[in-house]
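# Residue-level structural notes
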Amino acid sequence: MPREVIILECTEAKEEGATASRYVTTRNKKSLRTPGRLEKVKFNPFLKRRTLHRERK
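This section reports on the structure supplied with the text. (Residues numbered from 1 in each chain as written. Predicted model: local features only at pLDDT ≥ 70, side-chain atom pairs only at ≥ 80, totals over all residues. Heavy atoms only, no water.)

### Here we look at the overall build of the chain
- In terms of regular secondary structure, the chain is built from one helix and four strands.
- From first element to last, N terminus to C terminus, the chain shows the α and β order β-α-β-β-β.
- The principal-axis extent of the C-alpha atoms belonging to the chain is close to 35 × 20 × 15 Å.
- The buried share of the chain, taken over its 57 residues, is 25%.
- Expressed as a percentage of contacts within the chain between residues at least 6 apart in sequence, the contacts between residues at least 24 apart total 43%.
- Of the roughly 4500 Å² of accessible surface on the chain, 50% is carried by carbon and sulfur atoms.
- In the chain, the 16 positive side-chain charges and the 7 negative ones have mean positions that sit 6 Å from each other. (Helix = DSSP H or I, 4+ residues; strand = E, 2+ residues; numbered from the N terminus. Buried < 20%, exposed > 50% of the residue type's maximum accessible area, 1.4 Å probe, protein only. Contact = heavy atoms within 4.5 Å. Areas by Shrake-Rupley, 256 points an atom, 1.4 Å probe, with all protein chains shown as cover. Lys, Arg positive; Asp, Glu negative; His and termini not counted. Charge placed at Lys NZ, Arg CZ, Asp CG, Glu CD.)

### Concerning the pairing of strand β3 (residues 39-44)
- With six bridges connecting them, β3 and strand β4 (residues 49-55) associate as antiparallel partners. Each residue of the ladder has a partner; that of Asn44, found in β4, is Arg49.
- Connecting β3 to the next strand, β4, in antiparallel fashion are four residues, including Lys48 with a positive phi near 60 degrees. (Pairing = 2+ DSSP bridges.)

### Focus: the packing of aromatic side chains
- Counted by the stated rule, this structure contains zero aromatic pairs.
- Cation over ring: Lys42 sits above Tyr23, and NZ or CZ is 4.8 Å from the ring centre. (Phe/Tyr/Trp six-rings, centres within 6.5 Å; stacked < 30°, edge-to-face > 60°. Lys NZ or Arg CZ within 6 Å of the ring centre and 35° of its normal.)

Structure, rendered in structure tokens:
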């Protein structure tokens, strides 16, 4: 199966000491466009704004 389930975690909430929001999504393992960790801008309901979310290990 070429797709894997990943968890995106908020990076800005950790710096501010707030609760980090998490999103579950999938990514294509074999894609040449995303060789490293996936990063997306998603809404954090605890900070009430859009923040950068990075793929967890």
